[in-house]
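For reference, the chains in residue letters:
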Amino acid sequence: MIRFPPPLRKGDLIAVTAPSSGVSGGALLSLHRSRWLHGLAGVLIGRSAGASPASPSSLSYTEALAAVLGDLPCPVLYDVDVGHQPPPFTLINGAVAHVQFVAGHGSITQRTKL
């Protein structure tokens, strides 16, 4: 049996932590078109170890992100220190996170309920 998570609510945050492990521009586009990304407070994307474009006519990593996520009305932060690339900061599933990003520097504070 396949179980899907409940739909995102306004103010929820999605973190794509490992773009190099199978989360492609096509997957992000699919999420966007099916409206999973609408109403978010922000999007965090971890540092990618993906290869450079195969040909000069291919989109770069940042161009692909801008093409898919550029029209979202929320902040999109990429190359965040989360995921599988060093230095990896752990995001706890289910934790409430407060994210700040000012003048090129950011912080994430997480709070869990026990």
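Because the structure is a prediction, the values reported are computed rather than measured.

A. Here's a closer look at the overall build of the chain. If you tally the helices and strands in the chain, you get two helices and five strands. Starting at the N terminus and ending at the C terminus, the chain contains elements arranged as β-α-β-α-β-β-β. Counting every position in the chain, which comprises 114 residues, the buried fraction comes to 20%. Sequence separation of at least 24 residues holds for 64% of the intrachain contacts in the chain that already meet a minimum separation of 6.

B. Looking closely at the pairing of strand S2 (residues 42–46). Most of S2 sits inside the fold, with five of its five residues counted as buried. What you see with S2 is no split at all: Gly-42, Leu-44 and Gly-46 on one side and Val-43 and Ile-45 on the other are buried throughout. In the sheet, S2 pairs with strand S3 (residues 76–80) via four bridges, with the strands oriented parallel. Residue Ile-45 lies in a different strand from S3, and its bridge partner there is Tyr-78.

C. Broad picture of the pairing of strand S4 (residues 96–102). Inspection of the sheet shows S4 paired to strand S5 (residues 105–111) by seven bridges, in the antiparallel sense. Within S5, the residue paired with Gln-100 across the bridge is Ser-107. Where S4 hands over to S5, the hairpin turn is made up of two residues, of which Ala-103 adopts a positive phi near 50°.

D. Layout of helix H2 (residues 61–69). Inspection of H2 places Leu-65, Val-68 and Leu-69 among the buried residues, and these make up the whole buried set. For H2, the angular spread of the buried residues around the axis is 75°, confining them to a single face.

Reading the values: rules and limits
Every residue gets a number counted from 1 within its own chain, in the order that chain's sequence is written. Only residues with pLDDT of at least 70 are given local features in this predicted model, and only at 80 or more are side-chain atom pairs given and counted; all residues enter the totals for whole chains, interfaces and linings. The side-chain quantities take in all heavy atoms of the structure and omit both hydrogens and water. Secondary structure is summarised from DSSP: a helix means a run of H or I of at least four residues, a strand means a run of E of at least two, and numbering begins at the N terminus for each. Note on classification: 1.4 Å probe, protein chains only; a residue is buried when its accessible area is under 20% of the maximum for its type, exposed when over 50%, partly exposed between these limits. Only heavy atoms enter the contact rule, under which two residues are in contact if any of them lie within 4.5 Å. Pairing between strands is defined by DSSP: at least two bridges between them are needed. When we speak of the arc, we mean the arc of directions from the helix axis to the C-beta atoms.

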